[in-house]
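# Geometric and topological summary
Chain residues, written in single-letter form:
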Number of protein chains: 4
Amino acid sequence: MSMNSFGHLFRVTTWGESHGPALGATVDGCPPGVPVDESMLQHWLDKRRPGQNKNMTQRNEPDAVKILSGVFEGRTTGTPIQLMIENTDQRSKDYGDIADTFRPGHADITYWQKYGIRDYRGGGRSSARETAARVAAGGIAREAIKALVPGIEIKGYMVGMGELEIDRATFDWQAIDQNDFWIPQGPEVAQQWEDYLQAIRKAKDSVGGTVEVVARGVPAGLGAPVYGKLDTDLAAAMMSINAVKGVEIGEGMAAARLRGTANADEILMGDDGPEYTSNHAGGILGGISSGQDVVVRFAVKPTSSILTPRRSIRKDGTPYEVVTTGRHDPCVGIRAVPVGEAMMACVILDHLLLHRGQIGHNRGKIG
Amino acid sequence: MSMNSFGHLFRVTTWGESHGPALGATVDGCPPGVPVDESMLQHWLDKRRPGQNKNMTQRNEPDAVKILSGVFEGRTTGTPIQLMIENTDQRSKDYGDIADTFRPGHADITYWQKYGIRDYRGGGRSSARETAARVAAGGIAREAIKALVPGIEIKGYMVGMGELEIDRATFDWQAIDQNDFWIPQGPEVAQQWEDYLQAIRKAKDSVGGTVEVVARGVPAGLGAPVYGKLDTDLAAAMMSINAVKGVEIGEGMAAARLRGTANADEILMGDDGPEYTSNHAGGILGGISSGQDVVVRFAVKPTSSILTPRRSIRKDGTPYEVVTTGRHDPCVGIRAVPVGEAMMACVILDHLLLHRGQIGHNRGKIG
Amino acid sequence: MSMNSFGHLFRVTTWGESHGPALGATVDGCPPGVPVDESMLQHWLDKRRPGQNKNMTQRNEPDAVKILSGVFEGRTTGTPIQLMIENTDQRSKDYGDIADTFRPGHADITYWQKYGIRDYRGGGRSSARETAARVAAGGIAREAIKALVPGIEIKGYMVGMGELEIDRATFDWQAIDQNDFWIPQGPEVAQQWEDYLQAIRKAKDSVGGTVEVVARGVPAGLGAPVYGKLDTDLAAAMMSINAVKGVEIGEGMAAARLRGTANADEILMGDDGPEYTSNHAGGILGGISSGQDVVVRFAVKPTSSILTPRRSIRKDGTPYEVVTTGRHDPCVGIRAVPVGEAMMACVILDHLLLHRGQIGHNRGKIG
Amino acid sequence: MSMNSFGHLFRVTTWGESHGPALGATVDGCPPGVPVDESMLQHWLDKRRPGQNKNMTQRNEPDAVKILSGVFEGRTTGTPIQLMIENTDQRSKDYGDIADTFRPGHADITYWQKYGIRDYRGGGRSSARETAARVAAGGIAREAIKALVPGIEIKGYMVGMGELEIDRATFDWQAIDQNDFWIPQGPEVAQQWEDYLQAIRKAKDSVGGTVEVVARGVPAGLGAPVYGKLDTDLAAAMMSINAVKGVEIGEGMAAARLRGTANADEILMGDDGPEYTSNHAGGILGGISSGQDVVVRFAVKPTSSILTPRRSIRKDGTPYEVVTTGRHDPCVGIRAVPVGEAMMACVILDHLLLHRGQIGHNRGKIG
């Protein structure tokens, strides 16, 4: 069992540290014959890449992905695909202080306590740079899904940032790719978000965010009870993303406040099969997809690396006041959008393969 | 890979349906020499058992657990422990309607769509009775934890039910075991909860609930980044429980609304190591335990089996009005409390063993 | 990861000790809709059962298997199948000596050294009775294979016992089921084997044996390089059987003595695809099935439980002369035949499912 | 589950093709704090490297390994270690014929049948070059073992090649590293082996070989019955090596020809614990190490790539006469020696960690 792997049949293992020579993902179990090239993956990496706009850290990494194995003449061969991203922007600087101190709210202290050794440069293995490898792997998953079930669409967007929340009444699917926050809202709202975030940055602070990822067109029947449920795997996938503190399916935590009459989605018969009057379930019943949109939401905490001084200690136990001056996003939730999409793609593909392995094809007909 | 298993070194596989001859858990990887007998497990099963008070379904199962293997002369041998619970209260009745119809909000339809066959009696494999096997396995985990790290305490309680929420200002740890809702509140509050729930029952409705589970005394260093994080495994464990729609660690979804200055827990040096000024992180940083209380919360949706008629369809696609007359809890969240505790125990034990396997003992000293 | 499990998608976990209340297998990942009942499994268990003839231990266990879950109205549901065999013939006797002594060549001493506790009654977990659970699980696998790829036939037989070896020139496939040794030879040879074995029994000794298992009709393309090779999984499956000390595929150890011109199977084009001039490869090339017969062979050591005194020690280190007076087979290799068949069935089914999961259907056409 | 991974806690995933940009291994679960640098790994890679003497293919690859992650300031951090070996000697040539034909005895045909696409250059994923990644990973395992249990020594050597076999009466442990065949024999014998192999090469043929790998100093108690047995994992590890057709533990296949009186190793009490009068068991009883030398043997078939013409077919089914003119070892068994050592090291380390995880330390004392 690898602790740096996820997935059952489509299995991704990531490796690498923020400031080592490279990082990447070993992707095993991809179906053969899927058209893949580096530019397809680069598209998604560019979406996640820092330094694109002023709401992100100005670290300037090209994040160019190289395919080292598993693809031959532009198609996957069914053998492991090695995806490598070289770390090119490793500014040489004095890491002395960082080596012996712990940032509050950061993995510095727990890595030290667990291992007794840590690559402290840029957060080492705990850096959000690790998510670049996920995005690359997710790019592979997207292409494989396209080859298997052409109609599936996976889309992520922010639904909240600090005190701001989107207005679902004006939800605009087309607007998502047209603003720096990937919010389904028009340019005026995007400007408000921008102003809000700049004020936080100027206050030497950071802020959390909520991301929603939807998969449309997922066939009914994906998921394997009881511990390989589709929602179980999605919860693990999203919770494994850096800084995530909560995961919701459909109605999520709010389901606890509902009555049964309000929560259960009634079923009607449509032309192409069952239809539902609502989607409180988030497309998953008993751990198995129902054919409705699969809806996952997760909360990203505010980055703990801020310019405002925070109390902490040194390795020797003496007090230390931490001020993090490096390049850090004021809201890491923004860049978590393509990461969440990538995790959704990997989980959906994995369950498509699992279902085909055990069952072969959907078996229960309705109507 | 078994889809009905969870855990890495301490691995639990559950089996069985609601109305088959029996159900149970195969528990592998338990350390040898741990004192275990059936009465120790029965204690926790009795806590989960239906029919104990009027807030639960009146199905009357003794839920007596039998140990069939892996325990010799009162101690675990290190080989697989088979835990079996016979289903004794299988009322013979006409299941005709249930076989061909789907309850809204229930796994009936997705099991059918996935497998093309389902044991419809009492929900079959998707029944909450499966959680009895988890509770039995959790009993084993509790005893093993006690043998390994005596100070760890695991406790679950409800924090919300429908419109009700506990008042954290009057949080009373001792009161948890003294009311039918496992709420950390005095008897007056418990009475209010009871009145509220009875009103819902009389309205032929059900309601959701929120459960919090805390593990105290967990040593720093448990958890294995990046995909075997302690919070990742906890999220999967809790999301796999029937009817759970959201999982939170520490601050949870609310972390998205906080600023960095508010969210990060500052670190001070105490007599026995690092101390924190708050616990927004829920005891986990970068996927690794910090030594603070590990805090998990999950939402249980209202049961979809209610007396109020709901619209649905038959297998043949024709409309059908569902009224569920069986024995069902008005709030399944109540019985999820011991289940959440059991999952916490299993995950903590698993990570204790994993840590010992890779590291041997804590390595990074502070102070 | 469970240490008492094998298989990837079709996953079997066995549990239970020789003299506990019961033993069995938890079978997960079986395709749904496969016709299965207890009598189908009993057929194979009866084949493995002790006490059938004078070449086997006279322990008289009915070995009746019960299906506790995962089968509904005579068909598998896709959920875990629990197979239980109760231990009914647990003679009460004084185990005092056995508890504190170690039989040479037996797992007594290593279980003690590993765990510091062992169920010494009848060998506990290390008893060959564990293989009954495998045979039951193999019965499930056989039915699932039949449903997926009807033409596959799996057959085991002995090819050697002590100084005796079968004569491949007179190999008789039909004779296998007509003698007590499952040898592909006529009744005269079977009588010679019987005389030979009775002489060894009278000499208060035991003897080893070699078993060959063949799977015919396996489609080309099963197996997943590099560490999920079909031969890798077969080697693990056979080596995990009690008392097995060697595993061979096709030419096996003898391949080391051959030249390339002699060993490589030449390829011709037949009416239905490629044909081979020989089968030194045992039906597997590069870890993937070629469509030829899959041929596995394994050696079973002589049972270490014999009436001839052997030198050993007690737990306290003092010398002890071991004479094993219990009921023991003079050649455990005989009963390993149905066990080897069961393991072959489980591995083949697992790889059928794995192939379908990743690939869907054979893709490379020839001719 | 990754099909290109092996190991439980110490988990190795290899990736890469013979003629792609690079190949390597992702190593997860290594204990932290182990001193490792590239030169330590290069030592073992140089041992496996082709082109060192005239008994090997003259392909000239430096096989220089780079550590891309998981090692910081010369010590492992406990996070994934990425080992990369760039393919530098990829001669550009016309692969036209190879793309559409199948070499007898080679994975060409089965890869094609399974995947419908294959990287035919140099055998692609099925090339023995993949074993370079295992050797690099084994180098990590050796250093970790040294840090955990200093006394363990792992050594491989050839015991047979074609008609030749070593003389165990003149077994010379020191001589192993002093000849091109890693045989435990003096220079005269090595010269005989050389003459024999050159004659085979001149005859445009190849030959098989048998390799034995011994681990000395392995503590009693390693191995986890029933399907995670030490011998089960060793059998899988060795069978997964290219061209291996048989695996033996201790007495191996010959155990089938022995009587119980001859096979069981008697136990005496020595100064430091139990001692055995012989080692037919190969150091493993009931799947658990006994403290004796762990002895594994495997047969490597003769390479199928030879200059003598062999009959085969093209992808279109037409006949084709194969003559393999590339650079190929006349006996690939020689280079399998360091590969077998690497697999032994990985398996032993994995079981050291597993044992520590479940048990903590040896528990059963004798004497």
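Predicted model, so just to flag it, every value in this text is computed and none were measured.

### With respect to the overall build of chain A
When helices and strands are tallied, chain A shows eight helices and 18 strands. Computed over C-alpha atoms, the radius of gyration of chain A comes to 21 Å, within 12% of the 21 Å expected from 2.2 N^0.38 for 367 residues, which places it in the range of a compact globule. C-alpha atoms of chain A, sized along the principal axes, occupy 70 × 50 × 40 Å. Across the 367 residues in chain A, those meeting the buried criterion constitute 69%. The contacts in chain A between residues at least 6 apart in sequence include a share of 69% that link residues at least 24 apart. When the accessible surface of chain A is split by element, carbon and sulfur atoms take 48% of a total near 11300 Å².

### Here's the deal with the relation of the copies chain D and chain C
Superposing chain D onto chain C requires a rotation of 180° together with a translation of 0.0 Å along the rotation axis, leaving an RMSD of 0.0 Å. In short, the pair behaves as if placed about a two-fold rotation axis. A symmetric contact is evident, with 100% of the interface residues of chain D recurring at the interface of chain C.

### Some words on the relation of the copies chain A and chain B
Its rotation angle being 180°, the transformation that places chain A on chain B also includes 0.0 Å of axial translation and leaves an RMSD of 0.0 Å. Both copies contact each other with a shared surface, as 100% of the interface residues of chain A are interface residues in chain B too.

### Here's the deal with helix α1 (residues 38–48) of chain A
Buried within α1 of chain A we find L41, Q42, W44, L45, K47 and R48 of chain A. Buried positions along α1 of chain A lie against β4 (65–67), β7 (81–86), α4 (130–148) and α8 (336–358) of chain A.

### Let's talk about the interface of chain A and chain B
Contacts between the two partners involve 113 residues from chain A, matched on the other side by 113 residues from chain B. Summed over both partners, the interface of chain A with chain B comes to about 9100 Å²; 60% of that surface belongs to carbon and sulfur atoms. Broken down residue by residue, the surface that chain A buries against chain B is led by K114, Y227 and K245 of chain A, which jointly contribute 10%. At the boundary of chain A and chain B, one finds six salt bridges.

### A look at the side chain of R103 of chain C
Residue and element names in this part refer to chain C. Relative to the helices and strands, R103 resides in the loop between α2 (96–100) and α3 (108–115). According to the relative accessible area criterion, R103 is buried, its value standing at 12%. Within the local environment of R103, its side chain forms a polar contact with the side chain of D108, the two groups lying 2.9 Å apart. R103 has contacts with D108, G123, S305, V322, T324 and H328, leaving out every residue within four places of it along the chain.

### Looking at the packing of aromatic side chains
To describe a pair of aromatic rings, one takes the distance between the centres and the angle between the planes. Here the structure, examined in full by the defined rule, presents 28 aromatic pairs over all chains. Consider the rings of F6 of chain A and Y227 of chain B, whose centres lie 4.7 Å apart with planes at 55°: the pair is tilted. One end of the pair, F6 of chain A, is in strand β1 (residues 5–6); the other, Y227 of chain B, is in the loop between β10 (209–216) and α6 (230–239), on a second chain. For the residue pair F6 of chain A and Y227 of chain B, the accessibility class agrees, reading buried in each case. The interplanar angle of 70° and the centroid separation of 6.2 Å between the aromatic rings of Y157 of chain A and W173 of chain A together place this pair among those described as edge-to-face.

### A closer look at the interface of chain D and chain C
With 113 residues of chain D at the interface, the matching set in chain C holds 113 residues. With both chains or domains summed, chain D and chain C bury close to 9100 Å², and 60% of this area falls on carbon and sulfur atoms. By the criterion of area lost to chain C, the three top residues of chain D are K114, Y227 and K245 of chain D, representing 10% of everything that side buries. R259 of chain D is the salt-bridge partner of E163 of chain C, the closest N and O atoms lying 3.9 Å from each other. Between chain D and chain C we count 55 residue pairs in polar contact (both at pLDDT 80 or more) in total. Partitioning the side of chain D that touches chain C into residue classes produces 50 nonpolar, 40 polar and 23 charged. Two strands pair when backbone bridges link them, and strand β11 (residues 244–249) of chain C and strand β11 (residues 244–249) of chain D are joined in this way by three bridges, in the antiparallel orientation.

### Looking at the sheet that holds strand β9 (residues 164–165) of chain D
Strand pairing in a sheet is mediated by backbone hydrogen bonds. Such pairs are either parallel or antiparallel. Reading across from one edge, β9(C)-β8(C)-β10(C)-β16(C)-β11(C)-β11(D)-β16(D)-β10(D)-β8(D)-β9(D) is the order of the ten strands in this open sheet, with antiparallel pairing throughout. This sheet does not close on itself; its edge strands, each paired only once, are β9 (164–165) of chain C together with β9 of chain D. Both strand β8 (residues 153–161) of chain D and strand β10 (residues 209–216) of chain D contribute to a ladder of eight bridges, which runs antiparallel. For M161 of chain D, the partnering residue across the bridge sits in β10 of chain D and is G209 of chain D. Lying over the sheet, helix α6 (residues 230–239) of chain C contacts β11 and β16 (294–300) of chain C together with β11 of chain D, oriented at roughly 155° with respect to β11 of chain C. Contacts from helix α5 (residues 187–202) of chain D reach β8 and β9 of chain D within the one sheet, and its direction differs from that of β8 of chain D by about 55°.

### Thoughts on unusual backbone geometry
For residues besides glycine, phi is generally negative; the peptide bonds are generally trans as well. With an omega of 10°, the peptide bond running from P225 of chain B to V226 of chain B counts as cis. Note that V226 of chain B resides in the loop between β10 and α6. Despite not being glycine, E73 of chain A shows a phi value in the positive range, around 50°. Tracing the chain through its elements places E73 of chain A in the loop between β5 (71–72) and β6 (75–76). For E73 of chain A, a relative accessible area of 63% puts it in the exposed group. Of note, the phi angle at A243 of chain D is positive, near 75°, even though the residue is not glycine. Within the secondary structure layout, A243 of chain D lies in the loop between α6 (230–239) and β11.

### Structural notes on the pattern of salt bridges
Residue and element names in this part refer to chain A. Within this structure, the stated rule accounts for 80 salt bridges over all chains. For K315, the salt bridge goes to D100, with nearest N and O atoms at 3.5 Å. Of this pair, K315 sits in the loop between β17 (310–313) and β18 (319–322) while D100 sits in helix α2 (residues 96–100); the two residues are 215 residues apart in sequence, bridging distant segments of the chain. Looking at K315, the relative accessible area reads 24%, which means it is partly exposed. Of the residues examined, D100 reaches a relative accessible area of 36% and is grouped as partly exposed. What you see here is one network of salt bridges that share partners, running through K47, R142, K155, D177 and E341.

Criteria and thresholds
- Residues numbered from 1 in each chain as written.
- Chains lettered and ligands numbered in written order.
- Predicted model: local features only at pLDDT ≥ 70, side-chain atom pairs only at ≥ 80, totals over all residues.
- Heavy atoms only, no water.
- Helix = DSSP H or I, 4+ residues; strand = E, 2+ residues; numbered from the N terminus.
- Rg over C-alpha atoms; globule rule 2.2 N^0.38 Å.
- Buried < 20%, exposed > 50% of the residue type's maximum accessible area, 1.4 Å probe, protein only.
- Contact = heavy atoms within 4.5 Å.
- Areas by Shrake-Rupley, 256 points an atom, 1.4 Å probe, with all protein chains shown as cover.
- Least-squares fit on C-alpha atoms with pLDDT ≥ 70 in both.
- Buried area = accessible area lost by both parts, 1.4 Å probe.
- Salt bridge = Lys/Arg side-chain N within 4 Å of Asp/Glu carboxyl O.
- Polar contact = N/O pair within 3.5 Å; in protein donor to acceptor, adjacent residues only side chain to side chain.
- Phe/Tyr/Trp six-rings, centres within 6.5 Å; stacked < 30°, edge-to-face > 60°.
- Nonpolar A, V, L, I, M, F, W, Y, C, P; charged D, E, K, R; others polar.
- Pairing = 2+ DSSP bridges.
- Axes fitted to C-alpha atoms, helices over the stretch in contact; angles between N-to-C directions.

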